[in-house]
Amino acid sequence: MRYVSTRGVGAPQRFADIVLEGLAPDGGLYVPESTPRADLAAWRRLGYPELAYEVLKLFADDVADLKNIVERTYTREIFGSDEITPLKTLEPGLHLLGLSNGPTLAFKDLALQLLGNLFEVVLEQRGERLNILGATSGDTGSAAEHAMRGKQNLRVFMLSPRGRMSPFQAAQMYSLQDENIHNLALEGVFDDCQDIVKAVAADAEFKRRHRIGTVNSINWARVAAQVVYYFKGYFAATASDAEQVSFAVPSGNFGNIYAGHVARSMGLPIRRLILASNENDVLDEFFRSGRYRPRKAKEVKATSSPSMDISKASNFERYVYDLVGGDGARVRELWRRLGAEGAFDLSHSAYYRNLSETGFVSGRSVHADRLATIRSLWQRYGAMVDPHTADGIKVGLEQREAGVPLVCLETALPAKFAETIREAIGQEPARPTGYEGIERLPQRFEALPADAQAVKRYIAKHAA
Ligand SMILES: *Cc1c(COP(=O)(O)O)cnc(C)c1O
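Residues numbered from 1 in each chain as written. Predicted model: local features only at pLDDT ≥ 70, side-chain atom pairs only at ≥ 80, totals over all residues. Heavy atoms only, no water.

Visitor: What am I meant to see in the site of the ligand here?
Guide: Around the ligand sit 14 residues in total, of which Lys 108, Gly 252, Asn 253, Asn 256 and Thr 411 are the nearest. Here an oxygen atom of the ligand sits 2.5 Å away from a polar atom, N or O, in the side chain of Lys 108. Asn 253 is positioned with one of its backbone polar atoms (N or O) 2.7 Å from an oxygen atom of the ligand. Bound to the protein, the ligand loses 97% of the 390 Å² it would expose on its own. Among the residues forming the shell around the ligand, the class breakdown is five nonpolar, eight polar and one charged. (Near = heavy atom within 4 Å. Polar contact = N/O pair within 3.5 Å; in protein donor to acceptor, adjacent residues only side chain to side chain. Areas by Shrake-Rupley, 256 points an atom, 1.4 Å probe, with all protein chains shown as cover. Nonpolar A, V, L, I, M, F, W, Y, C, P; charged D, E, K, R; others polar.)

Written out as structure tokens, the structure reads:
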């Protein structure tokens, strides 16, 4: 499989070339040149690692040892069960797909654990080193660190706002004692951390000299890894490949639901992809109106489903590329308009019709909806869900159709968001074994001022 940029410039690349990269040189995102076909009949019987291998080898056919990488990634030891993503049936036709049983209790582990192993092998094959630089408000950073810890030829420099994460989140990151993990706790807020990452990345010479890379959600390997559980969830919720299923997906950067769109393009019988936004409703606005208007950083509201608090949806450009029939020049033009006018509107274009054909519908869920959903699931089914999952369920139930099974994606465990759970049902969420008292473990981090020069000096001294 070869990869091209959504903005249409440059020669096609191989998977091993793009997996270590962020954006394509023309500023676009890499997408596969063609869409591979699923073999539902053969895949239905497979266990998770076998299924993951069948899906991933379609996208990463140039990675030697892929089978071994996949088998080392999707294990009971790492994900808590042989099913990896167990399906829980709440009532006939209504299911929860458990995606958050990995080391950091959120769905990002499913893709990042694979990415860590892929990076290690690809770096080894190419005789290269990589220093990953990122900023986190809690979740992505810990999933990345747990995926990259102890890996050869790889170091992680993760900027976090000191004292502003939940004690649980801070403990998940700062308790890692691996030498290749560097937690830089900055005196500032998350935006300061992100600005410093941008400032460092803008210094091309520094970036090249120290081989700085990222693990952001636009990495195609992350999308491909997420395609797998749509198949797994479909097979678990149906008895035959003739049935259709809808998926409800709490969305932020559009990575998770975009993987569902890819699965659907490959031939998975998905009826609706139900996108749930929280108060930060850029995506819901687009699917309702055809108008895409990313928010300014200061317009982003801090909500009780914080991993969906986004200003713009990084992966969205890939979907638009599909809507306009893979016309890179057209995508370039839309993103030029976005830069100039801060928005674009597809509602009057012929492409808008393609939107309904892709099966997307959307809705919005706010704090009160979240609390009501957590409460109602607890009362009706004895199921405790986290605030993000609750957003997905709220919108999913609004868009549910009679006779079509609905699979709601569980994107985090309630233990990560105890405060909102207490507010909703007055109970403390249970912690999975191994996570009791992690706040008391010894912590290892470097306190630094929120200053790009200080961060650069630290990286220069400790880079691989
Ligand atoms: C990242 C995240 C989301 C949003 O997923 P996207 O791929 O960014 O759309 C939803 N819920 C949780 C718990 C997350 O960590």
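Moving on, there is more to tell.
Visitor: Just checking my understanding: could you explain the sheet that holds strand 3 (residues 30-32) for this structure?
Guide: Hydrogen bonds between backbone groups are what pair the strands of a sheet, and the pairing can be parallel or antiparallel. Within the open sheet, the three strands sit side by side as 2-1-3. Their pairing is antiparallel. Where the open sheet ends on each side, the last strands, each with one partner, are strand 2 (13-14) and strand 3. In terms of strand pairing, strand 1 (residues 2-5) meets strand 2 through two bridges, oriented antiparallel. The partner of Arg 2 across the bridge, within strand 2, is Arg 14. (Pairing = 2+ DSSP bridges. Helix = DSSP H or I, 4+ residues; strand = E, 2+ residues; numbered from the N terminus.)

Visitor: Sorry, what's going on with the pattern of salt bridges here?
Guide: Where side chains of opposite charge bring their charged atoms close, a pairing between them can arise. On inspection of all chains with the given rule, the structure shows 32 salt bridges. In this structure, Glu 71 and Lys 67 form a salt bridge, with 3.1 Å as the shortest nitrogen-oxygen distance. You can see Glu 71 and its partner Lys 67 sitting in helix 4 (residues 66-73), four residues apart, about one turn around the helix. Notably, a salt bridge pairs Arg 295 with Asp 281, separated by 2.9 Å at the nearest N-O pair. Remark: Asp 281 occurs in the loop between strand 11 (270-277) and helix 13 (282-289) and Arg 295 occurs in the loop between strand 12 (291-292) and helix 14 (316-323); sequence separation between them is 14 residues. As far as burial versus exposure is concerned, Arg 295 and Asp 281 are alike and both buried. (Salt bridge = Lys/Arg side-chain N within 4 Å of Asp/Glu carboxyl O. Buried < 20%, exposed > 50% of the residue type's maximum accessible area, 1.4 Å probe, protein only.)

Visitor: What am I meant to see in the nonpolar core here?
Guide: Buried together is how nonpolar side chains tend to be arranged in soluble globular proteins. If you look at the biggest cluster of nonpolar residues, it comprises 108 residues, and the most contacted ones within it are Trp 220, Tyr 230, Phe 231, Phe 254 and Phe 316. In terms of residues, this core owes the most to one element, helix 11 (residues 220-237), which gives 13 residues. Counting contributing residues per domain, this core is built from domain 1 (2-78 + 106-219 + 440-462) and domain 2 (82-105 + 226-425), each supplying no fewer than three. Core analysis: the second largest hydrophobic core is formed by 20 residues, Leu 371, Ala 383, Leu 406 and Ile 425 among them. (Core = buried A, V, L, I, M, F, W, Y, C linked by side-chain atoms within 4.5 Å. Domains from an automatic or database assignment.)

Visitor: Even after reading the chapter, I still don't get the pairing of strand 4 (residues 87-91), so can you show me in this structure?
Guide: Sheet faces and side chains relate simply in a regular strand, where the side chains alternate between the two faces. Both strand 4 and strand 5 (residues 94-98) contribute to a ladder of four bridges, which runs antiparallel. Considered in strand 5, the bridge of Thr 89 is made with His 95. Following strand 4, the chain reverses through two residues before pairing antiparallel with strand 5; Gly 93 in that reversal takes a positive phi of roughly 85 degrees.

Visitor: Explain the packing of aromatic side chains to me, please; I cannot follow it from the model alone.
Guide: Each aromatic ring pair is summarised here by two numbers: the centre-to-centre distance and the angle between the ring planes. By the definition in use, this model includes 30 aromatic pairs. When the centroid spacing of 4.7 Å and the interplanar angle of 35 degrees are considered together, the rings of Tyr 174 and Phe 445 count as tilted. On the criterion of sequence distance, the pair formed by Tyr 174 in helix 8 (residues 167-174) and Phe 445 in the loop between helix 19 (418-425) and strand 16 (446-449) is long-range, its members being 271 residues apart. Of the residues examined, Tyr 174 reaches a relative accessible area of 4% and is grouped as buried. Judged by centre distance (6.5 Å) and plane angle (45 degrees), the rings of Tyr 292 and Trp 335 are tilted. Separated by 43 residues along the polypeptide, Tyr 292 in strand 12 and Trp 335 in helix 15 (residues 328-341) bring together distant segments of the chain. Take Tyr 292: its relative accessible area is 2%, and that puts it in the buried class. On the accessibility criterion, Trp 335 (16% relative accessible area) is buried. Stacked on the ring of Tyr 53, the Lys or Arg Lys 67 has its end atom at 5.5 Å from the ring centre. Over the ring of Phe 206 we find Lys 456; its NZ or CZ atom is 5.5 Å from the centre of that ring. (Phe/Tyr/Trp six-rings, centres within 6.5 Å; stacked < 30°, edge-to-face > 60°. Lys NZ or Arg CZ within 6 Å of the ring centre and 35° of its normal.)

Keep in mind that these numbers describe shape and distance, not what the molecule does.
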